[in-house]
Amino acid sequence: MTAALEQHDWSTSLAQRTRALGGGEITAILALAGATDVITFSGGFPDPATFPTEVLAQIAARLITGDAAVCLQYAATEGIAGVRDYVAGRLDSLEGARPAAGELMITSGGIDCMELLAKSYLDPGDVVVVEAPTYLGAIMAFRGYEADLRGVPMDDDGMRVDVLAGLLAGGLRPKIVYTIPDYQNPTGLSMSAGRRAELVGLARRYGFLICEDVAYRELGFSSPQPASLWSLAPDAVLQAGTFSKIFFPGVRLGWAAGPEQVIGRLVVAKQNSDQCSGALGQRMLEEYGRSGQLEQQIVASRVLYARRAGLVTQALAAHMPDGATWTTPQGGFYIWLTAPDGVDTVALSAAARARRVAYVPGRPFYPGDAGATQIRLAYSRVADHLIDEGVRRIGEVLKTGLEGK
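The model shown is predicted, which means the values in this text are computed figures rather than measured ones.

Caption draft 1: Region of the structure containing the pairing of strand 4 (residues 148-155). With six bridges joining them, strand 3 (residues 127-132) and strand 4 adopt parallel strand pairing. When the bridges of strand 4 are listed, Glu131 appears paired with Val152. Regarding topology, helix 6 (residues 136-143) serves as the crossover connection from strand 3 to the parallel strand 4, and that connection is right-handed. Where strand 4 folds back on strand 5 (residues 158-159), the antiparallel hairpin that results is connected by two residues.

Now the structure itself:
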């Protein structure tokens, strides 16, 4: 009989920089991606109804048959030339500015841009300013390179740029300021035009790079957003874009547009990570996009998500306990709920799951310890007929938590 082998504790060998990294929150969100036994408001998943499956099947078959030497091969690290030309032209149409050849690269989603930026520019202890709250994936990307994260609060007009200005005047010197100015994750709020101009002015004065995440910019419900930060200051802004929300996330494609020096360093970093983004997905995006069908898909998606945002807002008004407040998004995927004082949304998440409903507690969205009473509700993939029931269950959980205070 073979003696049982002693199990080695590999956790003792972990790199020091990974010890405060976390990551369980994103794992838990993705684990619910295909759940059918729970009403999940947890993940910012686009609705599969927006995926153009029949058209994509035709495009894939055509490319594999007629363009295999390109679409089934490795691609240039910065992206296939024709795809970069398409994305540059699209930015020109949307933003009124076209990045030069060295000012644009194709990435594996928006998070790839943040990871490459952190890898290229951050030494341990370097300061990165983020909105508080902000996208938890960005927090993880910057923390992975031992950055000193500082949060700046938000209000209905987005990041409190005046607070940032005060910190800068007091001596804070960030290398990077990360912001989601359009329909922010997790709050759904947007930065006003005035604050965008002020932020650009601060970047030029103090010499920091703005990382502008535009994941939801094209998913507004009514009036267009103010000018992007990149279009206002291509010399001081790195724009991180993704096609996950407007095309389909399985393609894992995005872009980075910014100063040529920055893009050049990100290309080198990508050579030493995943080498290149998938060529088949790139060519499918280009074929679909140049046909004009991507723009039609985005229009239909806006209608769908606007309806769901409205349904969640109505349900919150009907089912939330007294003292609860929430944002009213004008685009994107999210509503940010603040429960009455004394409610711990982390502690109540298990009770929510017992009622077969899921949300993401607020704490992971802050670089510090805030967010105990807050919840992110993602409405993008919750079927219309389940929204009211799901919100009702969350209301019951919060009311139970208040009774147990």
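Caption draft 2: View of the side chain of Ser380. When you line up the elements, Ser380 lands in the loop between strand 14 (374-378) and helix 14 (384-403). Polar contacts involving the side chain of Ser380 include one to the main-chain carbonyl oxygen of Phe45, which spans 2.7 Å. Ser380 has contacts with Gly43, Gly44, Phe45, Pro46, Asp47, Tyr305, Arg308 and Phe333, leaving out every residue within four places of it along the chain.

Caption draft 3: Broad picture of the pairing of strand 8 (residues 237-242). Of all six residues that make up strand 8, six are buried, and the element is covered over most of its length. Alignment of strand 8 against strand 9 (residues 254-257), held across four bridges, turns out to be antiparallel. In the strand pairing of strand 9, Gln239 is matched with Ala257.

Caption draft 4: Structural detail: helix 11 (residues 279-290). Helix length check: helix 11 (12 residues) gives 16 Å between terminal C-alpha atoms against 16 Å at 1.5 Å per residue, within 8%. Of all 12 residues in helix 11, nine are buried; the element is thus mostly enclosed. Among the residues of helix 11, those classed as buried are Ala279, Gly281, Gln282, Arg283, Met284, Leu285, Glu286, Tyr288 and Gly289. Check the buried side of helix 11 and you find it contacts helix 2 (53-66), helix 3 (68-71), helix 4 (81-95), strand 2 (104-107) and helix 12 (293-319). At the exit of helix 11 stands Gly292, carrying a positive phi of roughly 90°.

Caption draft 5: Representation of the packing of helix 4 against helix 11 within the structure. Here helix 4 crosses helix 11 at 45°, and the two axes come no closer than 9 Å. Relative to helix 11, the element helix 4 lies oblique. Relative to helix 11, helix 4 is oriented so that their crossing is left-handed. Of the residues in helix 11, those in contact with Gly82, Val83, Asp85 and Tyr86 of helix 4 are Gln282, Arg283, Leu285, Glu286, Gly289 and Arg290. Residues that form the contact of helix 4 with helix 11 fall into these classes: three nonpolar, three polar and four charged.

Rules behind the numbers
Each chain carries its own residue numbering, running from 1 in the direction its sequence is written. Predicted model: local features are reported for residues with pLDDT of at least 70 only, side-chain atom pairs are reported and counted for 80 or more only, and whole-chain, interface and lining totals are derived from all residues. Excluded from the side-chain calculations are hydrogens and water; all other atoms, namely the structure's heavy atoms, are used. Think of it this way: DSSP has to see at least two bridges between two strands before they count as a pair. Strands here mean DSSP runs of E at least two residues long; helices mean DSSP runs of H or I at least four residues long; both are numbered from the N terminus. Here the term right-handed applies to a crossover when the path leading from its first strand over the helix to its second strand runs clockwise, the strands being oriented away from the viewer. As used in this structure description, the phrase polar contact means that two N or O atoms lie within 3.5 Å; if the pair is within protein, one of them must be able to donate a hydrogen and the other to accept it, and residues adjacent in sequence are counted only when both atoms belong to side chains. Residues are treated as being in contact if the distance between any of their heavy atoms lies within 4.5 Å. The cut-offs for exposure are 20% and 50% of the maximum accessible area for each residue type, with area from a 1.4 Å probe on protein chains only; residues under the lower value are buried, those over the upper are exposed, and the others partly exposed. What a helix is expected to span follows from its residue count: subtract one and scale by 1.5 Å. Note on geometry: axes are lines fitted to C-alpha atoms, helical ones only across the stretch in contact, with angles between N-to-C directions running from 0 to 180 degrees. By definition in this entry, angles of less than 35 degrees are roughly parallel, angles greater than 145 are roughly antiparallel, angles of 65 to 115 are roughly perpendicular, and the rest are oblique. Each helix crossing is assigned a hand: it is left-handed if the near helix lies turned anticlockwise from the far helix by less than a right angle, otherwise right-handed if that turn is clockwise. Ten residue types, Ala, Val, Leu, Ile, Met, Phe, Trp, Tyr, Cys and Pro, are classed as nonpolar, four, Asp, Glu, Lys and Arg, as charged, and the remainder, Gly among them, as polar.

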